[in-house]
Amino acid sequence: RTHCRSEAELPAMNMVFKITHNQVSAFEKDAEEKYFRDLVKFLQDEVPGAAEEDHDYLLGVTKAMVKKAADYGLKTKRDAAIYVTTAYLLGLDFEEHFHVAKEILTSSLPGMDKANWLQDAAVALIDSKGR
């Protein structure tokens, strides 16, 4: 038989928890750092040559490229990951030499469209170098 507690004996389940701005900022920073670590791990696992890179160097490059992606309007994790991977494969300043990419990235297209175009263009460019 279970013992039923009176309301007075139960812990206060309807307490209001307040999360401060600093706590929210800390949660966001932790999530952002986890994203950077996950993206570095993806690069090291999936992109030729990345596994040999110094981890701290690759982390710094990843953070810089995610910021650059955001400046181009590639703000989702997926879109930023496509940009970072493309930048790693083609060169960190690839858009300065791949002028069509620069035009697309600085256009008014939505971020997802830019990322999809970039992904297709990068694959086509990589494939053409192998022929």
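One numbering rule holds for all chains: residues counted from 1, following each sequence as written. Local features in this predicted model are restricted to residues whose pLDDT is 70 or higher, and side-chain atom pairs enter the listing and the counts only when it is 80 or higher, whereas totals over whole chains, interfaces and linings include all residues. Each side-chain value is derived from all of the structure's non-hydrogen atoms; neither hydrogens nor water enter the calculation.

Caption draft 1: Up close: the layout of surface pockets. There is about 150 Å³ of room inside the largest pocket. Cavities and pockets are found on a 1 Å grid laid over the protein atoms alone: a cavity is a set of points where a 1.4 Å probe fits but cannot escape, a pocket is an open set with protein on both sides within 12 Å along at least five of seven lines, and a lining residue has an atom within 4 Å of such a point. Looking at the largest pocket, the residues that line it are A31, E32, Y35, F36, V66, A70, L74, K75, T76, K77 and A80. Counting from the N terminus, the helices are the DSSP runs of H or I reaching at least four residues and the strands are the DSSP runs of E reaching at least two. At the level of elements, helix 1 (21–46), helix 2 (55–71) and helix 3 (77–90) are the ones that each hand at least two residues to the lining of the largest pocket. Here the lining of the largest pocket gets 4 residues from one element, more than from any other, and that element is helix 1. Residue composition of the lining of the largest pocket, grouped by class: 7 nonpolar, 1 polar and 3 charged. Grid points are joined across faces, edges and corners, and a volume is the space filled by probe spheres set on the points. Each residue gets one label: Ala, Val, Leu, Ile, Met, Phe, Trp, Tyr, Cys and Pro are nonpolar, Asp, Glu, Lys and Arg are charged, and the others, such as Gly, are polar.

Caption draft 2: Region of interest: the confidence of the model for the protein chain. A residue's pLDDT is the confidence the predictor assigns to it, expressed on a 0 to 100 scale. Here the protein chain averages 87 in pLDDT, while 86% of its residues score no lower than 70. Of all the helices and strands in the protein chain, helix 1 carries the lowest mean pLDDT, 88, while helix 2 carries the highest, 96.

Caption draft 3: Broad picture of the environment of R37. Here R37 lies in helix 1. Through-space distance from the C-alpha of R37 to that of L58 is 9.7 Å; in sequence the pair is 21 residues apart.

Caption draft 4: Local environment of the pattern of salt bridges. Salt bridges are defined by distance alone: a side-chain nitrogen of Lys or Arg within 4 Å of a carboxyl oxygen of Asp or Glu. For the structure shown, the criterion picks out 8 salt bridges. Its salt-bridge partner being K34, residue D38 comes within 2.7 Å of it at the nearest N-O pair. Of this pair, D38 and K34 both sit in helix 1, 4 residues apart, roughly one helical turn. The partner of K67 in a salt bridge is D71, with the nearest N and O atoms 3.2 Å apart. Here K67 and its partner D71 are both found in helix 2, 4 residues apart, which amounts to about one turn of the helix. Each member of the pair K67 and D71 is classed as exposed. Through salt bridges with shared partners, a single network forms among K29, E33 and K63. Type-normalised accessible area, obtained with a 1.4 Å probe on protein chains alone, sets the label of each residue: buried when under 20%, exposed when over 50%, and partly exposed for intermediate values.

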